[in-house]
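Each chain is listed here by its residues.
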Amino acid sequence: MIAWLKFLHIATLLLWCGGLLILPLLLARADNPVRAGEAARMRIFAHFAYNFCVSPAAVLATLAGGSLIFARWLFEPWMFAKLTLIGGLIVLHTYVGHCVARLGEEGYVRPAVPPPLLLAAGLAIMAAILVTVLAKPHLGADLMPDWLRQPLNRQLLLPPAPSR
């Protein structure tokens, strides 16, 4: 079971990360189409790739990875560092999706973040995730502030749920 979850996680990660590297290259190319029909094909390809390949792969990678965390009971500090980096990948995914949507709706509009910078950010985040997973660094609890390590004994903002 765990081997299948790992396979699904890695396969969908490859598709997700590959898409996040290809789409900024496509955005960089979309402002200077060689022929008039090429711009329309780029918009259609970018829309299809993002909505039907990259986004479903991101969801499946996240579900398989979350299942692996609970199946292997991996609640280590390095795992929380990895999850933080994955949050950066999700932010990148969302911004690239925004750029693809603008490409489809308005034609080419230059993104606020240049596509080569998006590509570099994606590569940096992916490399950091890979190093974190392979090295599994020992992160001490002293990296977290005291208010995260100790209970504050405060009342919750909501009333407690009735037990019966």
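These numbers were taken from a predicted model, which means no experiment stands behind them.

### Examining the environment of histidine 93
Thinking step 1. Inspection of the secondary structure assignment puts histidine 93 in helix 3 (residues 77–106).
Thinking step 2. Among all residues touching histidine 93, those that are not within four sequence positions of it are Trp16, Leu20, Tyr50, Val54, Ser55 and Ala58.

### A look at the nonpolar core
Thinking step 1. Ranked by size, the top nonpolar core spans 26 residues in total, and within it Trp16, Leu20, Leu23, Ala46, Leu89, Val96 and Val100 carry the most contacts.
Thinking step 2. Among the elements of the structure, helix 1 (2–29), helix 2 (36–72), helix 3 and helix 4 (115–135) are those that each provide at least two residues to this core.
Thinking step 3. The dominant element in this core, judged by the number of residues it contributes, is helix 2, at eight residues.

### Observations concerning the environment of proline 77
Thinking step 1. Tracing the sequence through the fold places proline 77 in helix 3.
Thinking step 2. Through-space distance from the C-alpha of proline 77 to that of methionine 42 is 42 Å; in sequence the pair is 35 residues apart.

### With respect to the packing of helix 1 against helix 3
Thinking step 1. Here helix 1 crosses helix 3 at 45°, and the two axes come no closer than 10 Å. When the interaxial angle is binned, helix 1 and helix 3 end up oblique. The crossing of helix 1 and helix 3 is left-handed. From helix 1, His9, Trp16, Cys17, Leu20, Leu23, Pro24 and Leu27 reach across to helix 3, where they touch Lys82, Leu89, Ile90, Leu92, His93, Val96, Cys99, Val100 and Leu103.

### Here we look at a nonpolar patch on the surface
Thinking step 1. A cluster of nonpolar side chains, namely Phe70, Trp73, Phe75, Phe80 and Leu83, defines an oily patch on the protein surface of about 570 Å² accessible area.
Thinking step 2. Given a relative accessible area of 54%, phenylalanine 70 falls into the exposed group.

### Quick notes on the packing of aromatic side chains
Thinking step 1. This structure, assessed with the given rule, holds five aromatic pairs.
Thinking step 2. Here phenylalanine 70 and phenylalanine 75 contribute two aromatic rings whose centre-to-centre distance is 5.5 Å and whose plane-to-plane angle is 65°, an arrangement assigned as edge-to-face.
Thinking step 3. Arranged with centres 5.0 Å apart and planes meeting at 80°, the rings of tryptophan 73 and phenylalanine 75 form a pair that is edge-to-face.
Thinking step 4. The ring of tryptophan 78 carries lysine 136 above its face, with NZ or CZ at 5.0 Å from the centroid.

### Brief notes about the side chain of serine 55
Thinking step 1. Tracing the backbone shows serine 55 in helix 2.
Thinking step 2. Given a relative accessible area of 18%, serine 55 falls into the buried group.
Thinking step 3. For serine 55, the side chain forms a polar contact with the side chain of histidine 93, separated by 3.2 Å.

### As for helix 4
Thinking step 1. Look at helix 4: 30 Å from first C-alpha to last across 21 residues, which is about the 30 Å you get at 1.5 Å a residue.
Thinking step 2. When we look at burial in helix 4, the residues that qualify are Pro115, Leu118, Gly122, Ile125, Met126, Ile129 and Thr132. Down the axis of helix 4, the buried side of the element spans an arc of 125°, and every buried residue falls inside it. Across helix 4 from its buried face, at more than 90 degrees, point the exposed residues Pro116, Val131, Leu134 and Ala135.
Thinking step 3. Structurally, helix 4 contributes buried residues whose contacts are with helix 1 and helix 3.
Thinking step 4. Backbone geometry just downstream of helix 4 places lysine 136 in the positive-phi region, at approximately 45°.

Definitions and limits used
Residues numbered from 1 in each chain as written. Predicted model: local features only at pLDDT ≥ 70, side-chain atom pairs only at ≥ 80, totals over all residues. Heavy atoms only, no water. Helix = DSSP H or I, 4+ residues; strand = E, 2+ residues; numbered from the N terminus. Contact = heavy atoms within 4.5 Å. Core = buried A, V, L, I, M, F, W, Y, C linked by side-chain atoms within 4.5 Å. Buried < 20%, exposed > 50% of the residue type's maximum accessible area, 1.4 Å probe, protein only. Axes fitted to C-alpha atoms, helices over the stretch in contact; angles between N-to-C directions. Parallel < 35°, antiparallel > 145°, perpendicular 65-115°, else oblique. Left-handed = near helix turned anticlockwise from the far one by under 90°. Patch = residues over 30% accessible without salt bridge, like charges linked within 9 Å, V, L, I, M, F, W, Y side chains within 5 Å. Areas by Shrake-Rupley, 256 points an atom, 1.4 Å probe, with all protein chains shown as cover. Salt bridge = Lys/Arg side-chain N within 4 Å of Asp/Glu carboxyl O. Phe/Tyr/Trp six-rings, centres within 6.5 Å; stacked < 30°, edge-to-face > 60°. Lys NZ or Arg CZ within 6 Å of the ring centre and 35° of its normal. Polar contact = N/O pair within 3.5 Å; in protein donor to acceptor, adjacent residues only side chain to side chain. Expected span 1.5 Å × (residues − 1). Arc of directions from axis to C-beta.

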